[in-house]
Amino acid sequence: MTFKHITLDFDGLVAVLKLDHQEVMNAVSLEMLTSLGEALDAIEEKRVEVRCLVITGAGRAFCTGANLQGRAVKPGRSNAGAALETAFHPFLRRLRNLHCPIVTSVNGAAAGAGMSFALMGDMILCARSSYFLQAFRRIGLVPDCGSTWLLPRLIGKARSVELSLMGERLPAEKALEWGLVNRVYDDAVLSEETMKLAHELANGPTIALSLIRKLYWDSPENSYEQQLNLEFESQRIAGATEDFREGIAAFLEKRPAQFLGK
């Protein structure tokens, strides 16, 4: 299957979704968003076989935000946010509700909406030369694509507001120090280390990992009691899986577990 401005490949149990419009440093157009939705359709069709998703960029950037080429703004009122609810938000919601873990492999600049895409990873891995940028203030807009929800919960209000008001680059090493990302690797080994981690997740108990994702996504909005109830319900589901039985058997038999994602 071919897509516009992206590629989708399958490496065993891992789907690799690559933003690939290098002429504009993988900036997001409506065409790309359509392709991203189609790629997620293809992944959902193979959900039994796909147990981890990697998102990365082609060339020297991860994603530099919305593609502004050819988007001259006319005098008067402009609905700059129209594409958010019709195109960006559906994609982000689908990532949130994906059935398996997501690894984002940030190989270069992750700016604007591209930064939000990167932060959708359950595990966020970065090349040492990569950086993040809340670029919106540079063109007179406000942060979007969920960044004002994600950032305060990841790095606190003060740092989030500073990034957004000042529009300064946040290098990968500083992002790691702040707790925004999980790991930073030398550029030359990022891809290798990404696939190693992705396959480790893909060979895990997929249903339990999906429930873990949901627990942490829902946690900020829940009271303590609500979260206890959600853990209880999630544990009931996980405890009914074949992988739970395999995990217990492997523990008792002192051998590595062979999870099937069921």
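In case you missed it, the structure is sitting above this.
What you see is a predicted model, and the numbers here were worked out from it, not measured in a lab.

A. Region of interest: the sheet that holds strand S5 (residues 102-106). With mixed pairing, the six strands of this open sheet are ordered in space as S1-S2-S3-S5-S7-S10. Single-partner strands in this sheet number two, and they are strand S1 (6-11) and strand S10 (183-185). Between one strand and the next, the sheet's axes are offset by a mean angle of 20°, whatever the strand orientation. In terms of strand pairing, strand S3 (residues 52-57) meets S5 through four bridges, oriented parallel.

B. Here's a closer look at the pairing of S5. The buried fraction of S5 amounts to five of the five residues, a majority that puts the element mostly inside the structure. Every second residue of S5 is oriented toward a common face, with Ile102, Thr104 and Val106 on one face and Val103 and Ser105 on the other, all of them buried. In terms of strand pairing, S5 meets strand S7 (residues 123-127) through four bridges, oriented parallel. In the sheet register, valine 103 faces S7, and the bridge partner there is methionine 123.

C. Spotlight on the packing of helix H4 (residues 147-155) against helix H5 (residues 157-166). Where H4 meets H5, the axes come as close as 7 Å, and the angle between the chain directions of the two elements is 135°. One finds that H4 runs oblique with respect to H5. Contact with H4, carried on its side by Leu151, Pro152 and Ile155, involves Lys157, Arg159, Ser160 and Leu163 of H5 and no other residues of that element. Among the residues making up the contact of H4 with H5, the classes are represented as four nonpolar, one polar and two charged.

Rules behind the numbers
Residues numbered from 1 in each chain as written. Predicted model: local features only at pLDDT ≥ 70, side-chain atom pairs only at ≥ 80, totals over all residues. Heavy atoms only, no water. Pairing = 2+ DSSP bridges. Helix = DSSP H or I, 4+ residues; strand = E, 2+ residues; numbered from the N terminus. Axes fitted to C-alpha atoms, helices over the stretch in contact; angles between N-to-C directions. Buried < 20%, exposed > 50% of the residue type's maximum accessible area, 1.4 Å probe, protein only. Parallel < 35°, antiparallel > 145°, perpendicular 65-115°, else oblique. Contact = heavy atoms within 4.5 Å. Nonpolar A, V, L, I, M, F, W, Y, C, P; charged D, E, K, R; others polar.

Geometry only, nothing functional implied.
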